[in-house]
Amino acid sequence: RPVAEHPKLLRKTSREHSVVYTSLDQPATAHAYVAVLEGNTALSQHELHTLRHARDAISMSLLQQRASQSVAREKHNEFVQTLVDGSLSVNARKTHVLRGRERGIPLHEHYFAIVIKFYDLDEYSLRAAMSLFHGKLETEHVLFSSLDRTRFLLLVPDQGNNGRAHDERISLVYRYIDEVSRI
């Protein structure tokens, strides 16, 4: 139920506990909350104001982080899309690869390109999918680019041409699709 004089704060009580909480996201699509466990007495007006200010400070920090991530991801998107640009000259490609290596991007000689399309991703799922794929750079050296809101380009390092390579690539695609569908 709403807390008096603080319409964005809600209180939930049980026999054992009382919690005052507020969402960090838009209430209709909230995925994160800030909460305070109340003791034997209800929170004071000062404590309720502190909770609201804490929510605002955390929200602003999250917005700053998202903006920084967005800029870094956009640069990475441009890097990957330039890497696969067929009109790039050999010298320009070598220079581009060298710049990527200087930025610490783990680059391999050959890649297997995968384009995956997801339908009806809401904003939260889209961000989560992008974060998941961006994390693959560090763990699996997969290069990632978002082509639009539904299509993703993944460049998976080619680990050689053994007889199982084709089956391994297909199972990798299924694994990535499964990981996104669990978000």
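What counts and how
- Counting restarts for each chain: residues are numbered from 1 in the order of the written sequence.
- Predicted model: local features are reported for residues with pLDDT of at least 70 only, side-chain atom pairs are reported and counted for 80 or more only, and whole-chain, interface and lining totals are derived from all residues.
- Side-chain measures were taken over the full set of non-hydrogen atoms in the model, leaving aside hydrogen atoms and water.
- Between any two strands, at least two bridges found by DSSP are needed for them to pair.
- The helix and strand labels rest on DSSP assignments: H or I over at least four residues marks a helix, E over at least two residues marks a strand, and numbering proceeds from the N terminus.
- Note on method: axes are straight lines fitted to C-alpha atoms, helices fitted across the in-contact stretch only, with angles between N-to-C directions ranging 0 to 180 degrees.
- Two residues form a contact once any of their heavy atoms are found within 4.5 Å.
- Stacked, tilted and edge-to-face pairs are distinguished by plane angle, under 30 degrees for stacked and over 60 for edge-to-face with tilted covering the rest, among Phe, Tyr and Trp rings (Trp via its six-membered ring) whose centres lie within 6.5 Å.
- Accessible area is worked out with a 1.4 Å probe on protein chains only. A residue is then buried under 20% of its type maximum, exposed over 50%, and partly exposed in between.

*Asks:* Sorry if this is basic, but what is going on with the sheet that holds strand E6 (residues 143–146) here?
*Replies:* Sheet architecture is open: three strands sit in the order E5-E7-E6, paired in antiparallel fashion. Across the chains shown, the open sheet's two edge strands, defined by having one partner strand only, are strand E5 (111–117) and E6. On average, each strand axis in the sheet is tilted by 15° relative to the strand beside it, whichever way the strands run. Where E5 meets strand E7 (residues 151–157), seven bridges bridge the pair, whose relative direction is antiparallel. Among the inter-strand pairings, valine 115 is bridged to a residue of E7, identified as leucine 153. Across the face of the sheet, helix H3 (residues 123–140) comes into contact with E5, E6 and E7 while running at roughly 10° to E7.

*Asks:* It is not clear to me how the environment of arginine 182 should be interpreted in this structure. Could you clarify?
*Replies:* Tracing the backbone through its elements, the reader meets arginine 182 in the segment after helix H4 (165–181). Considered as a pair, arginine 182 and serine 125 are 57 residues apart in the sequence and their alpha carbons are 9.6 Å apart.

*Asks:* Quick question: what am I supposed to make of the packing of aromatic side chains here?
*Replies:* Geometry of an aromatic ring pair is reported as the spacing of the ring centres plus the angle between the planes. Taken as a whole and assessed by the stated rule, the structure comprises six aromatic pairs. The interplanar angle of 75° and the centroid separation of 5.8 Å between the aromatic rings of tyrosine 21 and tyrosine 33 together place this pair among those described as edge-to-face. Of this pair, tyrosine 21 sits in strand E3 (residues 18–23) while tyrosine 33 sits in strand E4 (residues 33–38), and the two are twelve residues apart along the sequence. Judged by its relative accessible area of 47%, tyrosine 33 falls in the partly exposed class. Ring centres of phenylalanine 133 and tyrosine 176 lie 6.1 Å apart, and the angle between their planes is 80°; on these two criteria the pair is classed as edge-to-face. On the criterion of sequence distance, the pair formed by phenylalanine 133 in helix H3 and tyrosine 176 in helix H4 is long-range, its members being 43 residues apart. Among the residues examined, phenylalanine 133 registers a relative accessible area of 0% and is labelled buried. The structure contains a cluster of three or more aromatic residues connected by ring pairs, namely Phe118, Phe133, Phe144, Phe152 and Tyr176.

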